[in-house]
Each structure stands twice: as C-alpha cells, then as structure tokens.
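# Structural overview for review
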Amino acid sequence: MEEDTAEPLLAPTDGVPPVLVTPEQVAEAAASLAAGTGPLAVDAERASGFRYSARAYLIQLRRAGAGSFLIDPIPVTDALGPLAAVINDLEWVLHSADQDLPGLAELGLRPARLFDTELGGRLAGFERVGLAAMVEKLLGRALRKGHGAADWSTRPLPDEWLNYAALDVELLLELRDEVAASLEAQGKTDWAAQEFEHIRTSEPAAPKADRWRRTSGIHTLRKARQLAVVRELWIARDTLARARDVAPARILPDAAIVSAATADPRTIAQLRTLPVFGGPRQRRYSREWLAAIDRARALPDDELPSLTQAFEGPPPVNRWERRDPIAAARLTRARAAMGELSTEHAIPVENLLSPDLVRRLCWDGLPSYDRVGTPDDLAAAIDGFLKSGGARPWQRELSVPVLTVALTPQQAD
C-alpha cells in the first residue's frame, strides 16, 4: 500500500467512547465484553518520562460485538475484579505487548493467551513494525499519530488524546488477522506462538546492579571520589522520585549530578551557584543534595566505587581480540552464521537468538570447545546452553545446526 493512497482514519467509526471512572461503569463494560466474540484488543497508556512507575493511566479495550471502551484505572483500581473475570480468560491482542503487560498485571489483568502484532510483524519479516506503519501496509489505513509520549497522568485527559487512544485499538483485531495470515503463509505460526507465550509468561527483569553508572556524562569523570558523589546523588534522587512517583530526570537531570561531582560544592550557597541547583524546584531539596555530597566526601578510600565497572558475563566485544583471540574468532563466525540464517528466514537476527546469549556462548559458554567430542556432542552442548539461557525450541532448532558448524574448533581454532 503506497503512502499517498492510504485512507486516513481520523476518528473511531463509532466515535470516541466515554472514559469509565466508576465501579458501576467498569462492571457494565465487563458485561458487554463478555457478550462479545473473539480476541480482545488491548492497549494501555503510561506516563513514561513523567512518572517513576510504569502504571497504566488509561486502558483501551475492543472486542467484536462489544465495541471499544476507555477505562481510567486510577479511581477504580480496587474495582477491576469483574473486568478481570471476563477478559483474563481471553486471547489479548497488543502491539509491543512487553511494554504494557507489566502495568496491566499490577492491576490484576493478565491474558490467558497473547498475540503481539509488533513481534508477529518482526517474525513475518516486515521492515517497519510500528503500529501506524503496519496498519498502513496491511490494512491501507493511515492512523493519526502524536500523543504516545504524552503525560497520560494528566487529568482530565484532552479529547484529542482520547481520540488517539481509541484509534490504537480500532483496527488492532483486523491487523492481528493479517499478521496471522502472513505468519501462516511463511510457516511461522508455531514460532510466533512460542514467542508470544514467552512474552506472556516472562517475569519482569530484575533491576541491574549499579544503575547509577548509567548516569549520562559519567564517562567524563576521572576520580573515584567523583563517582561516589554521582552514586550518592543518584540514590538520593531515586528515593525522592520513587516517593513522589516522578521521573528521576524531572527531579534532577543527569547533567546536574555530573556537574556537582565535578565542582564538589561545600555549602548550600556553593551548590546553588551550579546549573539547575539554583532553580526554584531544586532549592527546596538543597539540604538533601548537599547531604548526599557530604556522604560521598566522608567515605574512606576503600569504600569508594571502582573507576572501572565490573561486567557480568563477557567483556565488551572490542576487548575480545586482545583478551581471547580464539573466542573473538568464534564470535565472528557465529555472527556470520546467524546473519545468513536471518537472511534465509527473513527474521531479524536479534529475534532468531538473543545477541547476548550468542556472546556468552562464544566467550565461555562451554567448558572447553576443543574437548567437547563429536559434532553431535558439540551440538548437544550448544543446545543445552541455549536452553538454559531461555532460547525457545524453534530458535534452538534453527540455530544449533549452524552454530555447531561455526563453532567446530577445527575450522579456525
């Protein structure tokens, strides 16, 4: 479908539904959805970049025979039981499901089955997998864009935003059918089902250790004491942000943290001369910020953070050639093999197998590559490693044979 021939979809066919804000309204919506048929289109709007939490601030639902519903979960958080009783037994259709499922799960809403149109599009080999791009390609309609990154914790929500939100589920069920047909035609239905189930059942990732080291601009600091200041300010900011449910960067930007670590202010007056810290929003936290800096200053040398970050798993790839050239050669061959497999099946290489899992396999995944035994022994060892790392059966079926050839020691080791 050419871009200039796509028919604009400016508003939902049946109009923008009212926002449901009472337990009675939610119960009525649940009854209507129960009378519908087929899968349930689901979307949720968060306030990423504005709020600390990933909670849903608007829920959009649509089912054949029932129509669309917009629910404000904030005033009815404890009254969603009737809705959960109906929709949790259904197949949900979402676009980029991993973005919305955690926030919905916090509300007791969890699908029995899942179809992810974005992930399905990747597996089907579509170059562009955004919702608007896929709707245009497969359904010939042009969706309105523009409010996905808005602050959805705003109340009342503007009418234009609600129109945008309703449109996100307007064609999702039709899109699901088109994606499913593409997957079926390519023999990828079972592969997609395994991926959808993996997304549906995955637990939220545990927070990474030393998250403060991801502070933007930290690479400019050269002293351990400065890193300690960054760490203490980051922790103080995170504590405030969590308590107020405000995005950390809106409490104090990373650049201000690095600036304070560089300047090392000793008094509130000195602190307030720095960019941002003298602003009206930050001035009320001056004592907290200075206390954090003082804690870093008081640390004994043996408690200061290391200038170099300890890596979990393999080191950065650009260091492999120096530290272990044989492993570097293994990775080069493995990447080439996975690239060819990606082209053969028209699936992005990162969806064929986690790149991190490939790196771990090539670095130290097997006890000793030159003593594994026969090619069948090597294949079994690779398969076991990938399985323990969470690779799905279809991924192992495709990748183990090519990785076995690529990692056979006699080839280059």
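If you're wondering where the values come from, they're calculated on a predicted model, not measured in any experiment. (Residues numbered from 1 in each chain as written. Predicted model: local features only at pLDDT ≥ 70, side-chain atom pairs only at ≥ 80, totals over all residues. Heavy atoms only, no water.)

## Topic: the overall build of the chain
Counted only if it meets this: Numbering of helices and strands starts at the N terminus; helices are DSSP runs of H or I of at least 4 residues and strands are runs of E of at least 2. Exposure is judged per residue with a 1.4 Å probe applied to protein chains only, and the accessible area is read against the type maximum: over 50% gives exposed, under 20% gives buried, and values in between give partly exposed. Pairs of residues are marked as contacts when any of their non-hydrogen atoms sit within 4.5 Å. With residues, only the protein chains shown are counted as cover, and all accessible areas are computed by Shrake-Rupley using a 1.4 Å probe. By the counting scheme adopted, Arg and Lys are positive, Glu and Asp are negative, and His together with the chain ends is not counted. The atom standing in for a charge is NZ when the residue is Lys, CZ when it is Arg, CG when it is Asp and CD when it is Glu.
If you tally the helices and strands in the chain, you get 20 helices and eight strands. Each of the 413 residues in the chain was classed as buried or not, and the buried ones make up 48%. Put simply, 67% of the contacts in the chain that link residues at least 6 apart link residues at least 24 apart. In the form shown here, the chain has an accessible surface area of approximately 20,700 Å², with 51% of it arising from carbon and sulfur atoms. Charge-centre separation for the chain: the mean point of 49 positive side chains lies 10 Å from the mean point of 58 negative side chains.

## Observations regarding helix H8 (residues 189–201)
Note on helix geometry: an α-helix contains 3.6 residues per turn, so any two residues three or four positions apart are oriented the same way. We count it as follows: To estimate the expected span of a helix, count its residues, drop one, and scale the result by 1.5 Å.
The end-to-end C-alpha separation of H8 is 18 Å, in line with the 18 Å expected for 13 residues at 1.5 Å each. Summarising the contacts, the buried residues of H8 are in contact with strand S7 (113–116), helix H4 (117–123), helix H7 (172–185), helix H16 (325–345) and helix H20 (393–407).

## What to know about the sheet that holds S7
Rules: Should DSSP find at least two bridges between two strands, the strands are regarded as paired. To obtain an axis, a line is fitted to C-alpha atoms, over the contacting stretch when the element is a helix, and the angle between two such axes runs from 0 to 180 degrees between their N-to-C directions.
Spatially, six strands are ordered S2-S5-S4-S3-S6-S7 in an open sheet, and the strand pairing comes out mixed. Every interior strand has two partners, whereas the edge strands, strand S2 (19–20) and S7, have only one. Contacting strand S3 (37–45), strand S4 (58–64), strand S6 (91–94) and S7, helix H3 (residues 97–105) crosses the sheet at an angle of about 125° to S6.

## Details of the UniProt feature "domain: HRDC" (unreviewed entry) in the chain
In plain terms, the rule: UniProt positions are given in the numbering used here, feature names are shortened, and annotations may be inferred rather than shown by experiment.
Within the UniProt annotation, "domain: HRDC" (unreviewed entry) is assigned to residues 223–303. Between the C-alpha atoms that bound residues 223–303 there is a distance of 13 Å. The span itself is 69% helix and 0% strand.

## Side note on unusual backbone geometry
Put simply, Arg 155 and Pro 156 share a cis peptide bond, and its omega is -5°. One can find Pro 156 in the loop between strand S8 (141–143) and helix H6 (159–170). Here the phi dihedral of Asp 210 falls at roughly 55°; this positive angle occurs in a residue that is not glycine. For Asp 210, the location among the structural elements is in the loop between H8 and helix H9 (224–244).

## Quick notes on the side chain of Arg 63
As a reminder of what qualifies: In the sections that follow, a salt bridge refers to a side-chain nitrogen of Lys or Arg positioned within 4 Å of a carboxyl oxygen of Asp or Glu. Any N or O atom pair separated by 3.5 Å or less is treated as a polar contact, with the protein-specific requirement of one donor-capable and one acceptor-capable atom, and with residues adjacent in sequence counted only for side-chain atom pairs.
In this fold, Arg 63 is placed in strand S4. For the buried Arg 63, which has no salt bridge, the nearest side chain bearing the opposite charge is Asp 89, at an N-O separation of 9.7 Å. Within polar-contact distance, the side chain of Arg 63 engages the backbone oxygen of Gly 38 at 2.8 Å.

## Some words on the side chain of His 147
Mapped onto the elements of the fold, His 147 is located in the loop between S8 and H6. In this structure the side chain of His 147 is engaged in a polar contact, spanning 3.3 Å, whose partner is the side chain of Glu 160.

## Here's the deal with the environment of Leu 271
Structurally, Leu 271 is set in helix H12 (residues 268–271). According to the relative accessible area criterion, Leu 271 is buried, its value standing at 0%. Note: C-alpha distance between Leu 271 and Trp 289 (18 residues apart in sequence) is 8.5 Å. The contact partners of Leu 271, leaving out residues within four places of it in the chain, are Pro 265, Phe 277, Ser 286, Trp 289, Leu 290 and Ile 293.

## Remarks on the nonpolar core
What counts here: We define a nonpolar core as any set of buried Ala, Val, Leu, Ile, Met, Phe, Trp, Tyr and Cys residues linked to one another through side-chain atoms lying within 4.5 Å.
Leu 83, Ile 87, Trp 92, Leu 109, Ile 382 and Leu 386 are the most contacted members of the largest nonpolar core, which totals 82 residues. Broken down by element, this core gets its largest block of residues, six residues, from H16. The residues touching Leu 83, leaving out its near neighbours within four places in the chain, are Val 26, Ala 30, Leu 33, Leu 61, Ile 71 and Leu 109. If you look at the next biggest cluster of nonpolar residues, it comprises 31 residues, including Trp 212, Ala 256, Ala 292 and Ile 293.

## A word on the pairing of S6
Neither face of S6 is open: one carries Glu 91 and Val 93, the other Trp 92 and Leu 94, and all of them are buried. Where S3 lies against S6, two bridges are found, and the strand directions are parallel. In the strand pairing of S6, Leu 40 is matched with Trp 92. By the bridge criterion, four bridges tie S6 to S7 in an arrangement that is parallel.

## Observations concerning the environment of Ser 32
Mapped onto the fold, Ser 32 is located in helix H1 (residues 23–34). Separated by 20 residues in sequence, Ser 32 and Tyr 52 have C-alpha atoms that sit 34 Å apart. Filtering out sequence-adjacent residues up to four positions away, Ser 32 remains in contact with Ala 66 and Phe 69.

## What about the packing of H16 against helix H18 (residues 355–365)?
We apply this condition: The sense of a crossing depends on the near helix, which, turned anticlockwise from the far helix by less than a right angle, makes the crossing left-handed and, turned clockwise, makes it right-handed. Under this grouping Gly is polar, as are all residues other than the nonpolar Ala, Val, Leu, Ile, Met, Phe, Trp, Tyr, Cys and Pro and the charged Asp, Glu, Lys and Arg.
Axis separation between H16 and H18 bottoms out at 8 Å; the angle between their running directions is 145°. Remark: the crossing between H16 and H18 carries right-handed chirality. Along the contact surface, H16 presents Ala 327, Arg 330, Leu 331, Ala 334 and Arg 335, while H18 presents Val 358, Arg 359, Cys 362 and Trp 363. For the contact of H16 with H18, the class distribution of residues is six nonpolar, no polar and three charged.

## What to know about the packing of aromatic side chains
Rules: By convention, a stacked pair of Phe, Tyr or Trp rings (six-membered ring in the case of Trp) has centres within 6.5 Å and planes under 30 degrees apart, an edge-to-face pair has planes over 60 apart, and any other such pair is tilted. By the criterion adopted, a ring carries a charge over it if an Arg CZ or a Lys NZ lies within 6 Å of its centre and within 35 degrees of its normal.
Under the counting rule described, the total for this entry stands at six aromatic pairs. Centroid distance Phe 115 to Phe 196: 4.8 Å. Interplanar angle 55°. Geometry classified as tilted. With Phe 115 in strand S7 and Phe 196 in helix H8, this residue pair connects regions lying 81 residues apart in the sequence. Just as Phe 115 is buried, Phe 196 falls in that class too. Through a chain of ring-to-ring contacts, the aromatic side chains of Trp 152, Trp 161 and Tyr 164 assemble into a single cluster. Sitting over the ring of Phe 115, Arg 176 keeps its end group 4.6 Å from the ring centre.

## Section: the packing of H8 against H20
Test applied: Between 65 and 115 degrees an angle is taken as roughly perpendicular, under 35 as roughly parallel, over 145 as roughly antiparallel, and anywhere else as oblique.
Interhelical geometry of H8 versus H20 gives an angle of 125° and a closest axis separation of 8 Å. Judged by the inter-axis angle, H8 sits oblique to H20. The residues of H20 that touch H8, namely those facing Trp 191, Gln 194 and Glu 195, are Pro 393, Trp 394, Gln 395 and Leu 398. Of the residues contributing to the contact of H8 with H20, the split by class is four nonpolar, two polar and one charged.

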